[in-house]
Amino acid sequence: MEQQAIQPKYRRILLKLSGEALQGDNLFGIDASKLARIAQELASVTQLGVQVALVVGGGNLIRGADLCVSGIDRVAADQMGMLATVINGLALRDAFTRKFIFASLMSAFSIPGMTETYDHMLAREKLAQGKVVILVGGTGNPLVTTDSAAALRGIEIGADIVVKATKVDAVCSDDPIKNPEAKRYTHLSYEEVLEKRLGVMDLTSILLCRDGGLPIRVFNMNKQGGLKRIALGEDVGTLIDNG
């Protein structure tokens, strides 16, 4: 008897990657092996027919908050951070191309010759064509985090879920590295995250997802196959929704 093909739970996901996910042991810059691993993880998901958009941060290259401490204007620091996300996006697109993953790089601000300018309808069209859409430049505005950009873009492109990649297995009541007794959550409501100030994503992004009815799944990107398991509907990490 012929086996039935495995059907993914989600049609379209928005993956939020921090810049740190791209860095190696030097805690700075871009590591080629990390890029290749991310590309492999995405390939396993796109092969299921799942459409993937990706928002990437820039903390592996520039942190706006750190620049402010050194005396640089906050707006200028954030603009530098947005440019860092473009560099990361270029690196990801190259890594995806090497894995024969068709990808489009779209920026919140115009960079002719390097990226396409973000348009939510164009992004939807490219996703429907089976391309991975890499979204860089945040929202194009200073004082807004890439977490908020991920929530906003997820709503705009009609994603079924925002998947937040982290270095820990789930959302915890405290830093599990510093406090081994920290409580691990498998399911939270938006209100619980806001009330407990758990630091999953910034408050604005949680409010955007709540008001847009967009669930969030937080998981450990360092564990192989996690993204595919989420796409298939497995209970990985922590789910945040209306409860």
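Quick caveat: nothing in here was measured; it's all calculated off a predicted structure.

Asker: Help me understand helix H5 (residues 146-156) in this model?
Answerer: Since the α-helix packs 3.6 residues into each turn, any two residues three or four apart lie on the same face. Those residues of H5 that sit buried are Asp 147, Ser 148, Ala 149, Ala 150, Ala 151, Arg 153 and Gly 154. At its buried positions, H5 is contacted by strand E1 (12-17), strand E2 (51-56), strand E5 (132-136), strand E6 (161-166) and helix H7 (203-212). Where H5 begins, one side-chain oxygen reaches toward the backbone nitrogen of Asp 147, 3.4 Å away; that side chain belongs to Thr 145. Phi turns positive, to about 75°, at Gly 158, one or two residues after H5.

Asker: How do you make sense of the side chain of Lys 16 when you look at a structure like this?
Answerer: Residue placement: Lys 16 occurs in strand E1. A polar atom in the side chain of Lys 16 sits 3.5 Å from the side chain of Asp 147. When sequence neighbours within four positions are dropped, the list of residues in contact with Lys 16 reads Val 55, Thr 146, Asp 147, Ala 150, Val 163, Lys 164 and Ala 165.

Asker: What should I look at first to understand the packing of H5 against H7 in this one?
Answerer: Two numbers describe a pair of packed helices, the interaxial angle and the distance between the axes. Between H5 and H7, the shortest axis-to-axis distance is 8 Å and the interhelical angle comes to 15°. The angle between H5 and H7 places the two elements in the roughly parallel class. Both H5 and H7 take part in a crossing whose hand is left-handed. Contact with H5, carried on its side by Asp 147, Ser 148, Ala 151, Leu 152 and Ile 155, involves Thr 204, Ser 205, Leu 208, Cys 209 and Gly 212 of H7 and no other residues of that element. Considering only residue class, the contact of H5 with H7 consists of 5 nonpolar, 4 polar and 1 charged.

What counts, and at which threshold
Sequence order sets the numbering: in each chain, residues are counted from 1 along the sequence as written. Side-chain atom pairs in this predicted model are given and counted only at pLDDT of 80 or more, local residue features only at pLDDT of at least 70, and totals for whole chains, interfaces and linings cover all residues. Excluded from the side-chain calculations are hydrogens and water; all other atoms, namely the structure's heavy atoms, are used. Only protein chains enter the accessibility calculation, which uses a 1.4 Å probe. A residue is then buried if its area is under 20% of the maximum for its type, exposed if over 50%, and partly exposed in between. Secondary structure elements are taken from DSSP: a helix is a run of H or I of four residues or more, a strand is a run of E of two residues or more, and numbering for both begins at the N terminus. Residues are treated as being in contact if the distance between any of their heavy atoms lies within 4.5 Å. Here a polar contact means two N or O atoms within 3.5 Å. Within protein one must be a hydrogen donor candidate and the other an acceptor candidate, and residues neighboring in sequence count only if both atoms are side-chain atoms. Inter-axis angles, ranging from 0 to 180 degrees, are taken between N-to-C directions of lines fitted to C-alpha atoms, where helices are fitted over the stretch in contact. With respect to orientation, any angle under 35 degrees is reported as roughly parallel, any angle over 145 as roughly antiparallel, any angle of 65 to 115 as roughly perpendicular, and every other angle as oblique. Handedness of a crossing is defined here by the sense of rotation of the near helix relative to the far one, left-handed for an anticlockwise turn of less than a right angle and right-handed for a clockwise turn. Each residue gets one label: Ala, Val, Leu, Ile, Met, Phe, Trp, Tyr, Cys and Pro are nonpolar, Asp, Glu, Lys and Arg are charged, and the others, such as Gly, are polar.

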